[in-house]
Amino acid sequence: MTITLTKRHFAVAALLALAVLVGGVLARQALTGFVLNALLSASGAAEIRFTITAASPWQVVVEDIGFSVRTQAFAAKRVTLTRAHWWSPSLGALRVEQARVPLTIDGSDTNPWSWSAYQNSTTPTAPPRVPLDDISVDGQLIIKAAAVPDQTLAVKIEARMTTENTWTGRASADGPGLGVKAEGTFDPATQALDFNLPQIALDLKVWQGFVQRLVLLPGGAWDLAGRATASAAGRWKGKEFTATAKVSLREGYAANQERAVSAEGIEADLEFTDLDLFKSNPGTLRIRELRTGPMVLRALDAEFAFGSTEQIIITRATLKTLGGSVALEPFKYFTNLRELDAVVLVEGISIEEVMALTKDLPAKATGRVNGRFPVRINEAGFRLGSGWLALQPGIPAEVQLNAGGLLTGGMSTSSPSYAVLKKVESGLLKLGLTELRLEIRPPNAPAGRSATLHISGAPTDPGVKAPVTLDLNVNGPLEKLLNMGLDSRLNFGTGK
């Protein structure tokens, strides 16, 4: 039998071969899609969508992929899996292009009471370990929080399996006012991650909305600015986490209009020895100027450390105000108690500047005082403890009264000193002071008495010889008399 092959036969054979090839490709793509869908579903993913555009033993290309795990969404323009040798047990190199991942950092995208209502809400199994040699990801991370405009970061991740069967990689995230670089190694056998973040830079003005969504600041909304930088390194293995970090702030600014509080020229440096326990070495805090109401504090310089998330240890604090200097004795502040107890040491404080802060005092005075007294600031406001203020030796001091009857009340008008004291109490004669001592909440004082004031002196007019000694009692809250604005501004209220 003789078989004659014609052009028609060759055409039919070519079509059959093409059909087999196309069918094989389509079948491989369908099988690849089935496997990918199964892997994502096993990892707890829902709302899965993608298109397989290439599938061979050497390369798989997935385009327009998207899925969500709980409320977290993931999407990418293209995912490519490339194998150098089809017989290799590794899946080769994974490349993700134009990824897009929204990340809500304040939990405002979830309802903790209705997790069971999520699609595919059965407890997901641990994702299978996928054998890869190389991973490359580029895309965008969209940072979200309630009532704050989104911020978009450009993210790049590169990781490679080493000959020691450990992963090594590096990552970066860059966007307006934020830059982060990271590197690390991961051992699949021990599940140990060693990481290093050599560079973190944050512009507080750009990110202040997110900062205040994560950190509850007292007193409501604040206006923040400054350049924060940091670095960190550590290890994460199972439940064990060890890490250290260095944090710095320059050109810092913070203001709360509602409480009339502002601080500018803030600088800080701190080194954490244990981030897990939130412990640090002593660091420094410097503020060029701090205003609270009419009070202006300058050149604040403090040394402090974190003992835990609830304990701040202040070992040194000094500042300039009211013409003199103020220092705090070492103390500890417990954030969970929401109150501050400290002992204040003052030197060379101007009496005139202090009295300018008071309300309706019937006197004017000059001179300088030293002193020591405890203070407490809590939700109830500002309170002074038992202490004292006294004239600074060697500094001239004067007082001019404007309180009729203060000195002559109950005195006979025929007394030899009546006329002079009448002029002193009415402000016609100034007193040059030799003694002035304010005892704040004396231990043996009767109930309701907040202070006693002792004054000794004589008229500054050399022609008037009439020594004057005054012992006055201050009944009622001394803090209201001083009225420095601290009772309504420097407190530890409930915040927002």
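Quick notes on the rules
- Residues numbered from 1 in each chain as written.
- Predicted model: local features only at pLDDT ≥ 70, side-chain atom pairs only at ≥ 80, totals over all residues.
- Heavy atoms only, no water.
- Core = buried A, V, L, I, M, F, W, Y, C linked by side-chain atoms within 4.5 Å.
- Buried < 20%, exposed > 50% of the residue type's maximum accessible area, 1.4 Å probe, protein only.
- Contact = heavy atoms within 4.5 Å.
- pLDDT = per-residue confidence, 0-100.
- Helix = DSSP H or I, 4+ residues; strand = E, 2+ residues; numbered from the N terminus.
- Phe/Tyr/Trp six-rings, centres within 6.5 Å; stacked < 30°, edge-to-face > 60°.
- Salt bridge = Lys/Arg side-chain N within 4 Å of Asp/Glu carboxyl O.
- Arc of directions from axis to C-beta.

(A) Highlighting the nonpolar core. By size, the foremost hydrophobic cluster in this structure holds 68 residues, and its most contacted members are L433 and L436. Once you skip the residues sitting within four places of it in the chain, L433 turns out to touch L391, A397, E398, V399, I455, S456 and G457. Counting 13 residues, the second largest nonpolar core, distinct from the first, contains A76, V79, V96 and A99.

(B) Representation of the confidence of the model for the chain within the structure. When pLDDT is averaged across the chain, the result is 83; 84% of the residues are at 70 or more. When pLDDT is averaged over each element of the chain, strand β12 (residues 261-274) comes out on top at 97 and helix α6 (residues 486-489) at the bottom at 44. Counting contacts from residues 7-26, a segment whose pLDDT is below 50, to residues more than four positions away or on other chains yields two contacts. Low pLDDT, under 50, characterises residues 484-496; the stretch is placed with 47 contacts to residues that sit more than four places away or in other chains.

(C) Focus on the side chain of S172. By secondary structure assignment, the location of S172 is in strand β7 (residues 167-175). Judged by its relative accessible area of 17%, S172 falls in the buried class. Not counting the four nearest positions on each side in its chain, S172 is found in contact with A154, V155, K156, V180 and K181.

(D) Quick look at the packing of aromatic side chains. The full count for this structure, using the stated rule, is eight aromatic pairs. An angle of 25° between the planes, with centres 5.2 Å apart, marks the rings of F67 and F74 as stacked. Taking the relative accessible area as the measure of exposure, F74 reaches 31% and is therefore partly exposed. An angle of 10° between the planes, with centres 6.2 Å apart, marks the rings of F195 and F241 as stacked. Residue F195 is found in strand β9 (residues 192-203), and its partner F241 is found in strand β11 (residues 240-256); the two are separated by 46 residues along the sequence. Judged by relative accessible area, F195 falls into the buried class, the value being 19%. Every member of this aromatic cluster is reached through a ring pair, and the members are F272, F278, F304 and F306.

(E) Representation of the pattern of salt bridges. Tallied over the full model, the rule gives 20 salt bridges. A salt bridge links R235 to D194, with the shortest nitrogen-to-oxygen separation between them at 2.8 Å. Of the two residues, R235 is situated in strand β10 (residues 223-237) and D194 in strand β9; the sequence distance between them amounts to 41 residues. Residue class for D194 comes out partly exposed when judged on its relative accessible area of 27%. A salt bridge links E251 to R227, with the shortest nitrogen-to-oxygen separation between them at 3.5 Å. Residue E251 is found in strand β11, and its partner R227 is found in strand β10; the two are separated by 24 residues along the sequence. Through salt bridges with shared partners, a single network forms among E63, R78, R95 and E97.

(F) Molecular detail of the environment of L300. Secondary-structure assignment places L300 in strand β15 (residues 295-308). The exposure class assigned to L300 is buried, which follows from its relative accessible area of 16%. For the pair L300 and A327, spaced 27 residues apart in sequence, the C-alpha to C-alpha distance is 9.5 Å. Look past the residues within four positions of L300 in its chain and what remains in contact with it is L285, R286, I287, T318 and L319.

(G) Structural view of helix α4 (residues 418-425). Listed in full, the buried residues belonging to α4 are Y418, V420, L421, V424 and E425. Projected down its long axis, α4 shows its buried positions confined to an angular sector of 160°, all on one face. Looking at the buried residues of α4, the elements they touch are β24 (398-401), β25 (431-440), β26 (449-459) and β27 (468-475). The positive-phi residue at the C-terminal boundary of α4 is G427, with phi of around 90°.

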